[in-house]
Amino acid sequence: MATSGKPLSVAVIGAGMAGRTHAAGYRNVNTVFAAGLPPVRLAAIADANVALGEDAARRYGYEKALPNWEAVAEDPTIDAVSIVVGNDLHRPIVEALVAAGKHVLCEKPLAGSLEDARAMAELERTADVVTAVGYTFRRSPAISAVRDHVQRGELGDLTLFSGRYWCDYATDPNGPLSWRFKGGPGSGALGDIGVHAIDTAEYLAGPIAAVSGASLSTQIPRRPLPLGAVVGHNAAPVSDEFGEVENEDTASFTARFESGLVGTFSLSRTAFGLPNGLGFDIVGLGGRAAFDQHRPAEYLFDDAQPDARTRGARHIIAGPQMPYFKGGYPMEAPGVGGGNAEMFTYQARAFLDQVAGVADPLPACATFADGLRTMEIIRAVVESSHNGGAAVTVPAAS
């Protein structure tokens, strides 16, 4: 799989909010961490909205904009591709790219349906290319530092996990009825943001064995139809005609982990005043930690200090002592901040490390099998909600 120093040619399919972040990540991969990654050629950004694609290509230094994803699949000079489009399109694009011998980083959720996700995971088993799914929060220095605390036993035996992802992008009832509001139960707040909360929980505390007490609800059941393209979560001109919202605005459930740990989850896209509220508390017999993405460059940590008079939660500020920070920031000093864009750069670097077969790679990206597992958990949550909160077993982690 190593490229022998030959430049890696990359493309991004989708020029919206997340697509641009992937594009920026590839642009920055050789500015972080050690040498060893070949030069990266920024080949193309593809989008059916040609003007949007051209603007993204100009902003991030890509050679050209293409009008469709098929043009990327047909270009023999492109080695690796990010797929950042509507969930229902993931499977056909992945299948075409893998058939063309291209490495693929697919945004979450893995697919628009569990059937498609299973087919993609099966394809991964025999594919002679790198396939990965974009669980970007695994690249957070603070979240990864909390994971280190857990794995070193510094929290003691875990007793409780409480995770949430509260966002406000769907609070406006006049917001357009985009593809995000289609697809049936489990494809709304659960599929869009819940996947990150679920993967973060398993990243920290191990596999989930069962879910129960699930409840899904929709606060805004009808939305106006857009008059044109909708980009990301942005507002757009709408008509006087309304359509039905097909999936959930909020979801909550309880989980039992394989370790016996109990977890609670709360997810919403209609949580006023919370633009990107991923957060969690993780508690053990000997310590606890907490994180809030609205303050991404820090986390709270508490443990059994020798003197009980000075015990209590303390802020740990991001710095070179955390994973990804040393070598990953131009100014390697505590207190300089950090956020979403850096995580996408680290994810892109990890993906290309795998593609190039470098000697000292970053931790590997999540796989299609990981993406399928998250969707199986979501399916279990939906089943629990349909059966009055009954417990539903999740397939064992492979």
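Let us look at the structure shown here. (Residues numbered from 1 in each chain as written. Predicted model: local features only at pLDDT ≥ 70, side-chain atom pairs only at ≥ 80, totals over all residues. Heavy atoms only, no water.)

## Focus: the pairing of strand β1 (residues 8–13)
When you tally the buried positions in β1, you get six out of six residues, the bulk of the element. Here β1 shows no split at all, with Leu 8, Val 10 and Val 12 on one side and Ser 9, Ala 11 and Ile 13 on the other all buried. Alignment of β1 against strand β2 (residues 40–46), held across six bridges, turns out to be parallel. The residue of β2 that forms the bridge with Val 10 is Leu 42. Handedness of the crossover joining β1 and β2 through helix α1 (residues 17–28): right-handed. Where β1 and strand β4 (residues 80–83) come together, four bridges link them in parallel fashion. (Buried < 20%, exposed > 50% of the residue type's maximum accessible area, 1.4 Å probe, protein only. Helix = DSSP H or I, 4+ residues; strand = E, 2+ residues; numbered from the N terminus. Pairing = 2+ DSSP bridges. Right-handed = clockwise from strand over helix to strand, strands pointing away.)

## Points about the packing of aromatic side chains
Ring pairs (aromatic) are described by centroid distance and by the angle formed between their planes. Counting across every chain of the model gives ten aromatic pairs. Measuring from ring centre to ring centre gives 6.0 Å for Phe 161 and Phe 280, while their planes differ by 20°; the resulting arrangement is stacked. Taken as a pair, Phe 161 in strand β7 (residues 158–166) and Phe 280 in strand β13 (residues 277–284) lie far apart in primary sequence, 119 residues in all. On the accessibility criterion, Phe 280 (1% relative accessible area) is buried. Ring centres 5.5 Å apart and planes at 10° place the aromatic pair Tyr 324 and Tyr 346 in the stacked group. A residue pair is termed long-range when its members are at least 10 positions apart, and Tyr 324 in the loop between β16 (314–317) and α8 (340–356) and Tyr 346 in helix α8 qualify at 22 residues. Looking at Tyr 324, the relative accessible area reads 11%, which means it is buried. When its relative accessible area of 0% is taken as the criterion, Tyr 346 is described as buried. Directly above the aromatic system of Trp 166 lies the positively charged group of Arg 164, at a separation of 5.7 Å from the ring centroid. (Phe/Tyr/Trp six-rings, centres within 6.5 Å; stacked < 30°, edge-to-face > 60°. Lys NZ or Arg CZ within 6 Å of the ring centre and 35° of its normal.)

## Here's the deal with the state of the cysteines
The tally for this structure, following the rule as stated, stands at zero disulfides. No disulfide involves Cys 106; its nearest neighbouring cysteine sulfur is the one of Cys 365, lying 12 Å away. (Disulfide = S-S within 2.5 Å.)

## Quick notes on the pattern of salt bridges
Under the counting rule described, the total for this entry stands at 23 salt bridges. When the shortest N-O distance is used, the salt bridge between Arg 222 and Glu 244 registers 3.1 Å. Taken as a pair, Arg 222 in strand β9 (residues 222–226) and Glu 244 in strand β10 (residues 238–244) lie far apart in primary sequence, 22 residues in all. For Arg 222, a relative accessible area of 42% puts it in the partly exposed group. A relative accessible area of 46% means that Glu 244 is categorised as partly exposed. For Glu 298, the salt bridge is made with Arg 295, and the minimal N-O distance between the two is 2.9 Å. When its relative accessible area of 13% is taken as the criterion, Glu 298 is described as buried. (Salt bridge = Lys/Arg side-chain N within 4 Å of Asp/Glu carboxyl O.)

## Some points on the side chain of Glu 107
Structurally, the position occupied by Glu 107 is in strand β5 (residues 103–107). No salt bridge is formed by the buried Glu 107. Its closest oppositely charged neighbour is Lys 108, at 5.0 Å. Reaching out from Glu 107, the side chain makes a polar contact with the side chain of His 22 at a distance of 2.9 Å. Sequence-distant contacts of Glu 107, defined by excluding residues within four places in its chain, comprise His 22, Ile 83, Val 84, His 90, Val 133, Gly 134, Thr 136 and Phe 344. (Lys, Arg positive; Asp, Glu negative; His and termini not counted. Polar contact = N/O pair within 3.5 Å; in protein donor to acceptor, adjacent residues only side chain to side chain. Contact = heavy atoms within 4.5 Å.)

## A look at the nonpolar core
In terms of nonpolar packing, the biggest core is built from 119 residues, with Tyr 26, Tyr 62, Val 211, Phe 253, Ile 282, Phe 351 and Leu 352 touching the most fellow members. When residues in this core are grouped by element, the largest group, ten residues, is from helix α7 (residues 189–205). (Core = buried A, V, L, I, M, F, W, Y, C linked by side-chain atoms within 4.5 Å.)

## A word on the side chain of His 149
The residue His 149 is located in helix α6 (residues 141–151) in this model. Residue classification places His 149 among the buried positions, given a relative accessible area of 12%. If near-sequence neighbours (up to four positions away) are discounted, His 149 is found in contact with Glu 154, Leu 155, Tyr 299 and Phe 301.

## Some thoughts on the sheet that holds strand β14 (residues 287–292)
Spatial ordering of the open sheet is given by β16-β15-β14-β13-β7-β12-β11-β8-β17, a layout of nine strands whose pairing is mixed. A strand with exactly one partner marks an edge of an open sheet, and here the two such strands are β16 and β17 (392–393). Here β14 runs beside strand β15 (residues 298–303); their pairing, made up of four bridges, is antiparallel. Paired with Gly 287 across the two strands is Asp 303, which belongs to β15. Of the strands in this sheet, β7, β13, β14 and β15 are in contact with α6, which crosses β15 at around 20°. (Axes fitted to C-alpha atoms, helices over the stretch in contact; angles between N-to-C directions.)

No statement about biological role is implied by the geometric values presented.
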